[in-house]
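# A closer look at the structure
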Amino acid sequence: MSHVITMIKARRWLILRRISQLSIMFLFLLGPLFDYWILKGNLSSSLFLDKIPMSDPYLLLQSWLAGHDLFKTALIGGLIIFSLYFLIGGRVYCSWVCPLNIVTDLAAWIREKLNIKGKKRQFSPNRFIRYWVLALTLLLSMVSGVLVWETINPVSLLHRGILFGMGIGWLVILFIFLFDIFISPRGWCGHLCPVGAFYSLIGFFSLVKVNAVNRQQCDDCMDCYAVCPEPQVLKPALKGEKNGITPLIASGNCTNCFRCIDVCSVNVFKMGLRFNK
Ligand code: SF4
Ligand code: SF4
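Please read these numbers as outputs of a predicted model, since none were measured by experiment. Here the residue index of a chain counts from 1 through its sequence in written order. Lettering of chains starts at A and numbering of ligands starts at 1, both following the order in which they are written. Residues qualify for local features only when their pLDDT is at least 70, as the model is predicted, and side-chain atom pairs are given and counted only at 80 or more; totals for whole chains, interfaces and linings, by contrast, use all residues. For the side-chain quantities, the full set of heavy atoms in the structure was used; hydrogens and water were omitted.

### Quick word on the layout of surface pockets
Which entries qualify depends on this criterion: Lining residues are those with an atom within 4 Å of a point, where the points come from a 1 Å grid over the protein atoms alone and group into cavities, where a 1.4 Å probe fits but cannot get out, or pockets, open sets with protein on both sides within 12 Å along at least five of seven lines. Grid points are joined across faces, edges and corners, and a volume is the space filled by probe spheres set on the points. Here a strand is any run of E in DSSP of at least two residues, a helix any run of H or I of at least four, and the numbering for each starts at the N terminus. Domain segmentation is taken from an automatic or database assignment of domains. Think of it as three bins: nonpolar holds Ala, Val, Leu, Ile, Met, Phe, Trp, Tyr, Cys and Pro, charged holds Asp, Glu, Lys and Arg, and polar takes everything else, Gly as well.
One number sums up the size of the largest pocket: a volume of about 1,200 Å³. Lining the largest pocket are 35 residues, with Ala108, Glu112, Arg186, Ala226 and Val227 sitting closest to its centre. Secondary-structure elements contributing two or more residues to the lining of the largest pocket are α2 (12-34), α6 (100-113), α13 (223-227) and α15 (259-263). Of the residues forming the lining of the largest pocket, the biggest block, eight residues, is contributed by α6. Domain assignment of the residues forming the lining of the largest pocket places at least three in each of domain 1 (2-202) and domain 2 (207-273). The space that makes up the second largest pocket amounts to roughly 330 Å³. In terms of lining residues, the second largest pocket is bounded by 19 residues, among which Leu43, Met54, Ile81, Tyr85 and Val97 are the most central. Looking at the lining of the second largest pocket, the elements that each hand over two or more residues are α2, β3 (52-55), α4 (72-88) and α5 (92-97). Ranked by the residues each element gives to the lining of the second largest pocket, the list is headed by α4, at four residues. Grouping the constituent residues of the lining of the second largest pocket by class yields 15 nonpolar, three polar and one charged.

Structure below.
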């Protein structure tokens, strides 16, 4: 029994994240399945308790660039979601909400179990490419007047697919799954996804941040680098003391998944606010 409790404790943030991702999906499903409407709509645009609008600010930006009229309710919904992620961390969307994160986390786990490692076995595109993809999606909306990205956005495809069925959209998800396992570790979320890129821009300024507050205790075991989906964000906070860099994980690409807190045996990391440097 104590073994189970220890195992749960060591994965408490992972368990909470999965509960969050599945609960959000469940709330969306309650309406279509049982006519019990807590959340009406989908991740792009929804209504909470028939009163509070919520809109994806990235989708709104694409719509605005495409020349579509933006309704007041959608703008209020966009402001609500923007403010939420501004407070709790932009890429909290990735680790606590996005259904595709479950697929890409599973791919990373399978890749590890299959022991597919080594530089020769991986293709690692520059992590900045996602910002070019983001810019391209916005440009395409502007020149075409159509939300081009939304027709193939795997996050929306998966979410709508779970709610309403998705036909060949599953092939896109399968491609990402296999791409992450066999070609590029964490290739989609860590290098290419423009949705994650958009939310990272909000996260750069957000209030809730992870802090390597006890970095002097770090024994270089590298466990946090192994579990972090964006390991490049760790080094400045862990090793920047000599250069006067604060222990705050400042990058907007930290997803606030708190895996590093779970895995660190000497309790280097804590959740905190950006002002606690
Ligand atoms: S990077 Fe994209 S696919 Fe991955 S979790 Fe974030 S929004 Fe979802
Ligand atoms: S630094 Fe920690 S909280 Fe941020 S992405 Fe990496 S493991 Fe998750």
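That covers the picture; the talk isn't over yet.
### Describing the site of ligand 1
The test is simple: A single heavy atom is enough: if one lies within 4 Å of a molecule or strand, its residue is considered near that molecule or strand. Here the criterion for a molecule occupying a pocket or cavity is that more than half of its atoms lie within 2 Å of the pocket grid points.
Around ligand 1 sit Arg91, Tyr93, Cys94, Cys98, Leu100, Asn101, Val155, Trp188, Cys189, Cys193, Val195 and Gly196, and that is every residue in its neighbourhood. Using a 2 Å cut-off from the grid points, one finds that ligand 1 occupies the largest cavity. Looking at the shell around ligand 1, the elements with two or more residues in it are α5, α6, α11 (187-192) and α12 (194-203).

### A closer look at the pattern of salt bridges
Quick reminder of the rule: Just to be clear on terms, a salt bridge is a Lys or Arg side-chain nitrogen sitting within 4 Å of an Asp or Glu carboxyl oxygen. A 1.4 Å probe rolled over the protein chains alone gives each residue an accessible area, and that area as a share of the maximum for its type sets the label: buried under 20%, exposed over 50%, partly exposed in between.
This model, assessed by the stated rule, comprises eleven salt bridges. In this structure, Arg91 engages Glu230 in a salt bridge whose closest nitrogen and oxygen atoms are separated by 2.6 Å. Of the two residues, Arg91 sits in the loop between α4 and α5 while Glu230 sits in the loop between α13 and α14 (234-239), which places them 139 residues apart along the sequence. Of the residues examined, Glu230 reaches a relative accessible area of 1% and is grouped as buried. Put simply, Asp220 and Lys239 hold a salt bridge, and the shortest N to O gap is 2.7 Å. Pair noted here: Asp220 is in the loop between β4 (208-211) and α13 and Lys239 is in helix α14, with a separation of 19 residues, a long-range link. Residue Asp220 is classed as partly exposed on the basis of its relative accessible area, which comes to 46%. Among the residues examined, Lys239 registers a relative accessible area of 37% and is labelled partly exposed. A single salt-bridge network, built from bridges that share partners, covers Arg17, Arg18, Asp105, Arg186 and Arg259.

### Digging into the site of ligand 2
Around ligand 2, a shell composed of 13 residues is seen, among which Cys228, Cys254, Cys257, Phe258 and Cys260 lie nearest. Comparing atom positions with the cavity grids shows ligand 2 to sit within the second largest cavity. Residues of the shell around ligand 2, tallied by class, amount to ten nonpolar, two polar and one charged.

### Examining the domain arrangement of the protein chain
Stated precisely, the cut-off is as follows: Contact criterion: two residues are considered in contact whenever any of their non-hydrogen atoms come within 4.5 Å of each other. Buried area: the sum, over both parts, of the accessible surface (1.4 Å probe) that disappears when the two are put together.
As far as domains go, the protein chain holds domain 1 (2-202) and domain 2 (207-273). The distance between the C-alpha centroids of domain 1 and domain 2 comes to 24 Å. Taken together, the contact between domain 1 and domain 2 spans 24 residues of the former and 17 residues of the latter. Summing the contributions of domain 1 and of domain 2, the shared interface buries around 1,500 Å²; its carbon and sulfur component is 43%.

### Regarding the sheet that holds strand β2 (residues 45-48)
Put simply, the rule reads: Only strands that DSSP links by at least two bridges are regarded as paired with each other. An axis is simply a line fitted to the C-alpha atoms; with a helix, the fit covers only the stretch in contact. Between two such axes, the angle follows the N-to-C directions and lies from 0 to 180 degrees.
Taken in spatial order, the three strands of this open sheet run β1-β2-β3, and their pairing is antiparallel. If you trace the sheet from one side to the other, it starts and ends with β1 (39-41) and β3, each paired once. For this sheet the average axis-to-axis angle between neighbouring strands, irrespective of direction, equals 25°. Relative to β3, β2 is paired through four bridges, and the arrangement is antiparallel. Looking across to β3, one finds that Phe48 is bridged to Ile52.

### Focus: empty space enclosed by the protein
The full count for this structure, using the stated rule, is four cavities of 30 Å³ or more. By volume, the largest cavity amounts to about 160 Å³. Around the largest cavity, the lining comprises 20 residues; the ones closest to its centre are Arg91, Cys94, Asn101, Cys189 and Thr255. Of all elements in the fold, only α5, α6, α11 and α12 reach the threshold of two or more residues within the lining of the largest cavity. Residues of the lining of the largest cavity, tallied by class, amount to ten nonpolar, five polar and five charged. Two domains each provide a minimum of three residues to the lining of the largest cavity, namely domain 1 (2-202) and domain 2 (207-273). One number sums up the size of the second largest cavity: a volume of about 80 Å³.

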